[in-house]
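# Chains, contacts and geometry: an overview
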Amino acid sequence: GCLCYIDLARVESAWKRDIDVLSFKQSNQWQLKQNQLAQELSTAVQPLLMDAALLQSIKTLGHSLRENPSVTLQNQLEYSKVYSVLGGYWSPLQTKNVSELTLHFASGSSISFLKNRVPSADRAGGTGDELTEVLNTGTTRLSFSLSRQGAVYKILVPIEQDQTPLAVLELNSLLDVE
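To keep things clear, this report deals only with the structure shown in the data block. This one's a predicted model, so the numbers in the text were calculated from it and none came from an experiment.

Across its full length, the protein chain holds four helices and six strands. Expressed as a percentage of contacts within the protein chain between residues at least 6 apart in sequence, the contacts between residues at least 24 apart total 55%. Summed over all atoms, the accessible surface of the protein chain reaches about 10900 Å², with 54% contributed by carbon and sulfur.

See below:
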């Protein structure tokens, strides 16, 4: 016969050490991926923020919607302008791992472009906590959340005029966790 001696405490200690190292590597990789996505989203949003014509159209529509949130000919014309200009940015943004582009107006209206779907313009009722925070503070926010599509990293950028919040530009990117 064979006499085997196994020091269970030593084996458990080695397994625990291996698990701790693997967990650290995974969390470190996760943090690196989050940092990479934050940088990508910050870079991806810059051309939109540098487009003076787009910003002016957003501000004009934002003011118009604040004054009269109902459907008017003026609002529809301004809405069409903003939608058209944002649409020109949509294809290049998709190549930068952006899965959603949404412009939320302080009035509650929004314009959304979603990856793998036909771009749509729709009215959204209300805003989430993050949107409210960005509208109230006027500061850009990077955040992570879980959705039906999976893990999502997003940047929310306020659009203001004379310190009055008019809209929030949101870019989302789905995290590849593998």
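Continuing now.
All right, on to the environment of Tyr89 then. If you trace the backbone, Tyr89 turns up in helix 3 (residues 73-94). Given the relative accessible area of 18%, Tyr89 is considered buried. Along the backbone, Tyr89 and Leu48 are 41 residues apart, and their C-alpha atoms lie at a distance of 7.7 Å. Setting aside its immediate chain neighbours within four residues, Tyr89 contacts Pro47, Leu48, Asp51 and Leu54. A polar contact of 2.6 Å, which involves the side chain of Tyr89, links it to the side chain of Asp51.

With eight of 11 residues buried, strand 6 (residues 164-174) is to be regarded as a mostly interior element. In this sheet, strand 6 lies alongside strand 1 (residues 100-105) in antiparallel orientation, the contact comprising six bridges. Across the sheet, Leu101 pairs through a bridge with Leu171, a residue of strand 6.

Mapped onto the elements, Val157 comes out in strand 5 (residues 150-161). With near-sequence residues (within four places) excluded, Val157 lies in contact with Val45, Leu49, Val134, Thr140, Ala167, Val168 and Leu169.

Turning our eyes to something else, we now look at helix 3. In this model helix 3 runs 31 Å from its N-terminal to its C-terminal C-alpha over 22 residues, within 8% of the 32 Å that 1.5 Å per residue would give. In helix 3, a bend of some 25° at Gly88 exceeds every other bend along the element, and Pro92, a proline, comes one to four places later. Listing the buried residues of helix 3 in full gives Asn75, Glu78, Tyr79, Val82, Leu86, Tyr89, Trp90 and Leu93.

With that settled, the discussion passes to helix 4 (residues 129-137). Those residues of helix 4 lying buried are Glu130, Leu131, Val134 and Leu135. All buried residues of helix 4 lie within an arc of 130° about the axis, which places them on one face of the element. Exposed residues lying more than 90 degrees from the buried face of helix 4 are Asp129 and Asn136. One or two steps after helix 4, the chain reaches Gly138, where phi turns positive at roughly 70°.

Before going further, it helps to examine the environment of Thr164. Of note, Thr164 is situated in strand 6. Remark: the alpha-carbon pair of Thr164 and Leu135, spanning 29 residues in sequence, is separated by 8.8 Å. Excluding its chain neighbours within four sequence positions, the residues that come into contact with Thr164 are Arg66 and Ile159.

Moving on: the nonpolar core. The tendency in soluble globular proteins is for nonpolar side chains to be buried side by side. Of all hydrophobic cores here, the largest spans 31 residues; its most connected members are Leu93 and Leu171. At the level of elements, helix 1 (8-50), helix 2 (52-67), helix 3, strand 1, strand 5 and strand 6 are the ones that each hand at least two residues to this core. Ignoring sequence-local partners within four residues, the contact set of Leu93 consists of Ala44, Leu48, Val98, Leu101 and Leu171. Residues Leu131, Val134, Leu135 and Val168 belong to the second largest nonpolar core, which totals five residues.

About the criteria used
- Residues numbered from 1 in each chain as written.
- Predicted model: local features only at pLDDT ≥ 70, side-chain atom pairs only at ≥ 80, totals over all residues.
- Heavy atoms only, no water.
- Helix = DSSP H or I, 4+ residues; strand = E, 2+ residues; numbered from the N terminus.
- Contact = heavy atoms within 4.5 Å.
- Areas by Shrake-Rupley, 256 points an atom, 1.4 Å probe, with all protein chains shown as cover.
- Buried < 20%, exposed > 50% of the residue type's maximum accessible area, 1.4 Å probe, protein only.
- Polar contact = N/O pair within 3.5 Å; in protein donor to acceptor, adjacent residues only side chain to side chain.
- Pairing = 2+ DSSP bridges.
- Expected span 1.5 Å × (residues − 1).
- Bend = angle between axes of the 7 residues up to and from the residue.
- Arc of directions from axis to C-beta.
- Core = buried A, V, L, I, M, F, W, Y, C linked by side-chain atoms within 4.5 Å.

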